[in-house]
Amino acid sequence: MSDRIPTGERMYRGIPVSVGVSHGKVIVLGDAARTILRREIRPEEVPSELQRLQDAVAQTRRDLLDVQRQVTEALGTHEASLFDAHLLVLEDEMMLAEVHQLVGEQHINCEAAYHQVVEKFARALGELGDDYLRERAADIRDVGGRVLDHLLGRATEQDLRHLPEPCIIVAPDLAPSTTAVLDRTRVLGFATDAGGTTSHTAIMARKLGIPAVIGLGDITSRIRTGEYALIDGHGGTLTVNPTDQTLFEYGQLKQRRAALDERLAALRDQPAITLDGHEVILAANIDQPEDMPSLLQSGAHGVGLFRSEFLFLNRRELPSEEEQYLAYRRVAEASAPHAVIIRTLDIGGDKLPASWARTGEQNPFLGWRAIRISLALPEVFHTQLRAILRASAHGKVRIMFPMISSLPELREANACLERCREDLRAEGLPFDERLEVGMMIEVPGAALIADTFAREVDFFSVGTNDLTGYTLAVDRLNERVAPLFAPTHPGVLRLIHLTVEAARRHKRWVGVCGEAAGDPSVVPLLVGLGINELSATPAAVPAVKFLLRRLRMGEARAAAEKALAAESAEEALAISHSLAAHSAPELFQSS
Ligand code: PEP
Ligand code: MG
């Protein structure tokens, strides 16, 4: 974070999560922007205060139903079901009774009483160290904020459906109920206090193609509604009161980006073939069927990772076989003739569906997660496997198991799959008998014995996010150790190398579906190590394709060999980056 005082320009640094540059007026959302004054009221004012509260709750109820209807139309009933939880929070009798008590007995205004109660409930839930309950705490604050906005007469200003002019939204974090309905034609960018590239803001911004910078600390208290700012989703900065010089420089950057984007878009229908004729399958990662249009637009050839767990989150009941089948089938059909790799549930760690009790684990990332959960809950696993198998009758579907760490575990998963196949045959339901089955390499121990696994899978997909975290003992969500999170660490590269070698010996293929697959600076190493498929977020696909088409496999192999012997992650990255920058300088000039 740095201040450039003489010009009044102030620049704040965060984590860039969605590319693009824009500038305009700022709207600050959230508690820091709401001034809630505590005021004593006379006893005879109590009934009218309580009436005001009742009106605000009723108005908020109408708003939520309105938003729910819009979300149903735009995204379907599943997304809209989130608002059922919001409506329950809004009408929570315990909360409202406490507000009534405060107003009636302590004679304070209803804004102050309501705010106090909302904070009390949200804090209590947030402190329980449970991710599901933390999300509910966010719901309480979100709904509470809507009621307060009505009480304070600010609802219009905060209603993102009707923004008066294009603006940058600054918020502690953005709630899904807010982002789902915003007037996207008038949102220039998102800047938030909270960090974490898996936050709702990051995911939503990337999908909408709106520049976003998160993890800006206390930005909501450092900037005011109406101030002018520039957001840079490439470099991860928010510049308040930018000087003419800054605006000019960013204007040039934007122009260069636009020109580059045009060149990248022209490659959409081209294959990802190196200059010396090696084809790399370039696929993309999705979370839900709704992501398919942007995947197709990106020029990706198929889905290298469908994170199926997103069908299970933010809801109270598990999705039925039919619901899953329809979702997988939709993706398989949209992706044809290219393949779709559906990863079985990877929940646990930081993701658990509402209906499953938390176990209060000390180290959830080392705990009950992914395949361990599926094997412990055979009914859930069977339902999902049956749905995937049935969808395989409608396209080129592959199954992948996450977080496999031992051969018995893989065998148990394969045995479940075999039982599902037998059941479907007996029921006369069609599926692809030759469907490929693979596993993720995310656990270092699994990479070390990849040759053992290679006999019993059709392919490997390296999850560099978890493989890096587990190999280097670095929490992938912790900002404090973020600089240590290095997929080019020679230790990680050697594990990938072992995996590729084992696969080759058994004539299997290997993909990478972690974030590294979408980083042009790392891609030369991955293909040089012999990776056959890269699967990146759709937004990263065009640049990776551009680079692959300018690489020479011989040079990439030489770079990978040097990197394997490098002394540090930085040295290995420099080797890879230098080849990438030499092969496709355009990709790096405009950053
Ligand atoms: C990975 O670990 O690299 C991966 C792709 O899985 P996820 O990010 O969903 O854990
Ligand atoms: Mg993973």
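Residues numbered from 1 in each chain as written. Chains lettered and ligands numbered in written order. Predicted model: local features only at pLDDT ≥ 70, side-chain atom pairs only at ≥ 80, totals over all residues. Heavy atoms only, no water.

## Side note on the overall build of the chain
Looking only at helices and strands, the chain features 25 helices and 17 strands. In the chain, which comprises 591 residues, the share counted as buried stands at 53%. Long-range pairs, those at least 24 residues apart, make up 68% of the contacts in the chain with a sequence separation of at least 6. On the chain, roughly 25,600 Å² of surface is accessible, and the fraction owed to carbon and sulfur atoms is 52%. (Helix = DSSP H or I, 4+ residues; strand = E, 2+ residues; numbered from the N terminus. Buried < 20%, exposed > 50% of the residue type's maximum accessible area, 1.4 Å probe, protein only. Contact = heavy atoms within 4.5 Å. Areas by Shrake-Rupley, 256 points an atom, 1.4 Å probe, with all protein chains shown as cover.)

## Observations concerning the coordination of the magnesium ion (ligand 2)
The magnesium ion (ligand 2) binds to the protein through Glu442 (OE) and Asp466 (OD), with metal-donor distances spanning 2.0 to 2.1 Å. Here Glu442, found in the loop between strand S14 (437-441) and helix H17 (444-448), pairs with Asp466, found in helix H19 (residues 464-472); they are 24 residues apart in sequence, far enough to count as distant. Glu442 sits in the buried class, given a relative accessible area of 2%. Classification of Asp466 as buried rests on a relative accessible area of 4%. (Donors = N, O, S within 2.8 Å, 3.2 Å for Na, K, Ca; no water.)

## Observations regarding the pattern of salt bridges
For the coordinates displayed, the defined rule picks out 31 salt bridges. Of the charged contacts in the structure, one is a salt bridge between Glu119 and Arg123, with a shortest N-O distance of 3.8 Å. Pair noted here: Glu119 and Arg123 are both in helix H5 (residues 110-126), with a separation of 4 residues, about one helical turn. Given the relative accessible area of 14%, Glu119 is considered buried. Of the charged contacts in the structure, one is a salt bridge between Arg550 and Glu586, with a shortest N-O distance of 3.3 Å. (Salt bridge = Lys/Arg side-chain N within 4 Å of Asp/Glu carboxyl O.)

## Concerning the packing of aromatic side chains
Two aromatic rings are characterised by how far apart their centres lie and by the angle between their planes. All chains considered together, the criterion is met by 3 aromatic pairs. With a centroid separation of 4.6 Å and an interplanar angle of 10 degrees, the aromatic rings of Phe459 and Trp509 are classed as stacked. Of this pair, Phe459 sits in strand S15 (residues 459-462) while Trp509 sits in strand S16 (residues 509-512), placing them 50 residues apart in sequence. The same class applies to Phe459 as to Trp509, namely buried. One Lys or Arg, Arg390, reaches over the ring of Tyr325 and ends 4.0 Å from the middle of that ring. (Phe/Tyr/Trp six-rings, centres within 6.5 Å; stacked < 30°, edge-to-face > 60°. Lys NZ or Arg CZ within 6 Å of the ring centre and 35° of its normal.)

## As for the sheet that holds strand S10 (residues 281-286)
Strands sit in the order S10-S11-S12-S13-S14-S15-S16-S17 around a closed barrel of 8 strands; the barrel is parallel. Pairs of neighbouring strands in the sheet enclose a mean axial angle of 30 degrees, with direction left out of account. Across 5 bridges, strand S12 (residues 339-343) lies against strand S13 (residues 396-401) in parallel orientation. Within S13, the residue paired with Ala339 across the bridge is Lys396. The strands touched by helix H15 (residues 378-391) are S12 and S13; relative to S13, the strand with the most contacts, the crossing angle is about 155 degrees. Contacts between helix H16 (residues 407-427) and the sheet are confined to S13 and S14, with S13 contributing the most and set at about 145 degrees to the helix. (Pairing = 2+ DSSP bridges. Axes fitted to C-alpha atoms, helices over the stretch in contact; angles between N-to-C directions.)

## Comments concerning unusual backbone geometry
Note that the residue after Ala336, namely Pro337, is joined by a cis bond; omega there is 5 degrees. Phi is positive for Ala473, close to 55 degrees, though the residue is something other than glycine. With respect to the helices and strands, the residue Ala473 is situated in the loop between H19 and helix H20 (490-505). With a relative accessible area of 71%, Ala473 lands in the exposed category. Despite not being glycine, Lys507 shows a phi value in the positive range, around 55 degrees.

## Topic: the site of ligand 1
In the vicinity of ligand 1 there are 14 residues, among which Arg307, Arg343, Gly463, Asn465 and Arg476 approach most closely. Contact distances for ligand 1 include 3.4 Å between an oxygen atom and a backbone N or O atom of Gly463. Between ligand 1 and Asp466, the relevant distance is 3.0 Å, taken from an oxygen atom to a side-chain nitrogen or oxygen of the residue. With 3 residues, the top contributor of residues to the shell around ligand 1 is H19. A per-class count over the shell around ligand 1 returns 3 nonpolar, 4 polar and 7 charged. (Near = heavy atom within 4 Å. Polar contact = N/O pair within 3.5 Å; in protein donor to acceptor, adjacent residues only side chain to side chain. Nonpolar A, V, L, I, M, F, W, Y, C, P; charged D, E, K, R; others polar.)

## Notes on the packing of helix H23 (residues 553-564) against helix H24 (residues 569-583)
With their axes 9 Å apart at the nearest point, H23 and H24 run at an angle of 165 degrees to one another. By the angle class used here, H23 and H24 are roughly antiparallel. Crossing geometry of H23 relative to H24 is assigned as right-handed. Contacts between H23 and H24 involve Glu555, Ala556, Ala559, Lys562 and Ala563 from the first element and Ala572, Ile575 and Leu579 from the second. (Parallel < 35°, antiparallel > 145°, perpendicular 65-115°, else oblique. Left-handed = near helix turned anticlockwise from the far one by under 90°.)

## Some thoughts on the nonpolar core
One finds Tyr328, Phe401, Met439, Phe460, Ile496, Leu534 and Leu548 to be the most contacted residues of the largest nonpolar core, which totals 108 residues. For Phe460, the residues in contact, after removing those within four places along its chain, are Met439, Ile441, Ala450, Phe453, Ala454, Thr499, Ala503, Trp509, Val510 and Gly511. Formed by 32 residues, the second largest nonpolar core is a distinct cluster that contains Met95, Cys110, Ala113 and Val118. (Core = buried A, V, L, I, M, F, W, Y, C linked by side-chain atoms within 4.5 Å.)

## A word on H23
Compared with the 16 Å implied by 1.5 Å per residue over 12 residues, the 16 Å span of H23 between its first and last C-alpha is a close match. Listed as buried for H23 are Met553, Ala556, Ala559, Ala560, Ala563 and Leu564. The buried residues of H23 occupy one face: seen down the axis, they fall within an arc of 135 degrees. Exposed residues on H23 whose side chains face more than 90 degrees from its buried face are Glu561 and Lys562. (Expected span 1.5 Å × (residues − 1). Arc of directions from axis to C-beta.)

## Let's talk about the pairing of strand S8 (residues 228-232)
Of all 5 residues that make up S8, 4 are buried, and the element is covered over most of its length. As defined by bridge partners, strand S4 (residues 21-28) adjoins S8 across 5 bridges and the pair is classed as antiparallel. Residue pairing for S8: Lys25 is matched across the bridge by Tyr228. Counted along the chain from S8 to the antiparallel partner strand S9 (residues 237-240), the turn is 4 residues long, and its residue Gly236 has a positive phi close to 80 degrees.

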